[in-house]
Amino acid sequence: MAGLRVHSVLVTGANRGIGLGLVQHFLGMPNPPQWVFAACRAPTGQRAQELRHLASKHCNLVIIPLEVTDPASIKAAAAQVGEHLGGSGLTLLINNAGMVILNALDNETLEDMACVYTTNTIGPLLMGQEFLPLLKKADQGRPGPALSCSKAAIINMSSYTGSIEDLNLFDTAQIVSYRCSKAALNMLTKCQSLRYKEDGILCIALHPGWVQTDMGNMGDTGSQKPPLTVDESVQGMLKVLSSLSEKDTGTFLSWEGKVIPW
Ligand code: NDP
């Protein structure tokens, strides 16, 4: 992780699960970011208690209200982050917020497909568009041609279940809306990597592993449980982020740094 020098980071869905773990690990780094923006949709709610407690101890942690399916909320969040940053840019945007609905193919619905797609795919699209000026500014603030997570990057939290080539655990979890939304997120990541390369922004889709969170535990079948703690997943992912360079943009990687087939 020594190679990762992040001036500022924004994590969506930061009040629990992997998002909260990312925030905790950024704050605990030997060289913590100057700004850690923890975005969550209900900052004053019960589920953000731990985040509020953290913010009371770390003056570089700012809680930002954000509903990723609402363009006005995204706009307001970008304005608030821009104000805190003054003239400087945002180094890392981590599109982590996500949802799953446990439907099988036979009972999938229009409403559930649309809801999951809006959260898991359209949310990251709109976030990338709205935060682009701040990400560009971060790249301009660190001269040099190479792409890296210490310069400017978008990390889209994807899932192995979105892989079409290596279709994983279909018998135990069809989760059609979720799989489709993550396959589409992977395509979005590829498109972002091609478009944003000229702006100096690295983009990847990242699979966190099967992790012990509210979402991960929904896949617990009794005989199969999520093997990874949040800490193990986040430590692995931060190591991966610290190692990324130009050749990695537009790829789909696991928390261990392995390339996942699309
Ligand atoms: P959790 O269910 O534990 O947490 C989800 C987070 O996303 C919560 O903070 C939730 O906020 C937030 N969120 C959901 N919808 C919205 C929305 N519309 N606007 C803003 N925030 C929202 O999930 P995990 O921590 O396990 O997952 C994080 C990411 O990792 C997801 O993208 C998931 O798909 C991915 N992933 C997780 C795996 C696992 O095993 N856990 C495996 C593969 C991928 P709130 O508290 O308000 O609901």
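Rules of the game
- Residues numbered from 1 in each chain as written.
- Predicted model: local features only at pLDDT ≥ 70, side-chain atom pairs only at ≥ 80, totals over all residues.
- Heavy atoms only, no water.
- Core = buried A, V, L, I, M, F, W, Y, C linked by side-chain atoms within 4.5 Å.
- Buried < 20%, exposed > 50% of the residue type's maximum accessible area, 1.4 Å probe, protein only.
- Contact = heavy atoms within 4.5 Å.
- Pairing = 2+ DSSP bridges.
- Helix = DSSP H or I, 4+ residues; strand = E, 2+ residues; numbered from the N terminus.
- Axes fitted to C-alpha atoms, helices over the stretch in contact; angles between N-to-C directions.
- Salt bridge = Lys/Arg side-chain N within 4 Å of Asp/Glu carboxyl O.
- Near = heavy atom within 4 Å.
- Polar contact = N/O pair within 3.5 Å; in protein donor to acceptor, adjacent residues only side chain to side chain.
- Areas by Shrake-Rupley, 256 points an atom, 1.4 Å probe, with all protein chains shown as cover.
- Nonpolar A, V, L, I, M, F, W, Y, C, P; charged D, E, K, R; others polar.
- Expected span 1.5 Å × (residues − 1).

Participant: Could you give an account of the nonpolar core, naming the residues involved and the relevant values?
Facilitator: Ranked by internal contacts, the top residues of the largest apolar core, which has 41 residues, are Val23, Phe26, Leu92 and Leu241. If we ignore the near neighbours within four places in the chain, the residues touching Val23 are Val11, Ala14, Val36, Ala38, Leu51, Leu54 and Leu61. Among the nonpolar cores identified, the runner-up in size contains 26 residues, and Ala78, Phe131, Leu135 and Ile154 belong to it.

Participant: Quick one: what's the story with the sheet that holds strand 2 (residues 35–40), residue by residue and with numbers?
Facilitator: Sheet strands associate in pairs through backbone hydrogen bonding, adopting either a parallel or an antiparallel arrangement. With parallel pairing, seven strands are arranged side by side in an open sheet as 3-2-1-4-5-6-7. Across the chains shown, the open sheet's two edge strands, defined by having one partner strand only, are strand 3 (61–65) and strand 7 (252–254). Neighbour-to-neighbour, the strand axes of the sheet open up by a mean angle of 20 degrees, direction not taken into account. As defined by bridge partners, strand 5 (residues 153–157) adjoins strand 6 (residues 202–207) across five bridges and the pair is classed as parallel. The residue of strand 6 that forms the bridge with Ile154 is Cys203. Sheet strands touched by helix 4 (residues 110–141): strand 1 (8–12), strand 4 (92–95) and strand 5. Its angle to strand 4, the strand with the most contacts, is close to 170 degrees.

Participant: Quick one: what's the story with the pattern of salt bridges, residue by residue and with numbers?
Facilitator: This model, assessed by the stated rule, comprises 10 salt bridges. A salt bridge links Glu246 to Lys197; the nearest nitrogen and oxygen atoms lie 3.9 Å apart. A residue pair is termed long-range when its members are at least 10 positions apart, and Glu246 in the loop between helix 7 (230–243) and strand 7 and Lys197 in the loop between helix 5 (176–196) and strand 6 qualify at 49 residues. Here Lys197 falls in the partly exposed class, since its relative accessible area comes to 41%.

Participant: If you had to explain the site of the ligand to someone new, which residues and values would you point to?
Facilitator: As a structural note, the neighbourhood of the ligand is formed by 29 residues, with Asn15, Arg16, Glu67, Tyr178 and Thr213 the closest of them. One nitrogen or oxygen atom from the side chain of Glu67 is found 2.6 Å from a nitrogen atom belonging to the ligand. At 2.8 Å from an oxygen atom of the ligand is found a main-chain nitrogen or oxygen belonging to Val211. Here the ligand loses 95% of its free accessible area of 900 Å² to cover by the protein chains. Ranked by residue count, the leading element in the shell around the ligand is helix 6 (residues 214–217), at three residues. The residue inventory of the shell around the ligand, partitioned by class, reads 10 nonpolar, 13 polar and six charged.

Participant: Lay out the environment of Trp255 with the relevant residues and their values.
Facilitator: Its location among the elements puts Trp255 in the segment after strand 7. Considering only alpha carbons, one finds Trp255 and Gln34, 221 residues apart in sequence, at a separation of 25 Å. Contacts of Trp255, omitting those with residues within four sequence positions, involve Leu206, His207, Pro208, Gly209, Leu228, Glu232, Ser233, Gly236, Met237 and Val240.

Participant: An account of helix 3 (residues 71–85) is requested, with residue identities and associated values reported.
Facilitator: Counted at 1.5 Å a residue, the expected span for helix 3 with its 15 residues is 21 Å, and the 21 Å between its end C-alpha atoms agrees. Within helix 3 the residues assigned to the buried category are Ser73, Ile74, Ala77, Ala78, Val81, Gly82 and Leu85. Near the N-terminus of helix 3, the side chain that reaches the backbone nitrogen of Ala72, with its oxygen 3.0 Å away, is that of Asp70. One or two residues past the end of helix 3 sits Gly86, with phi positive at roughly 65 degrees.

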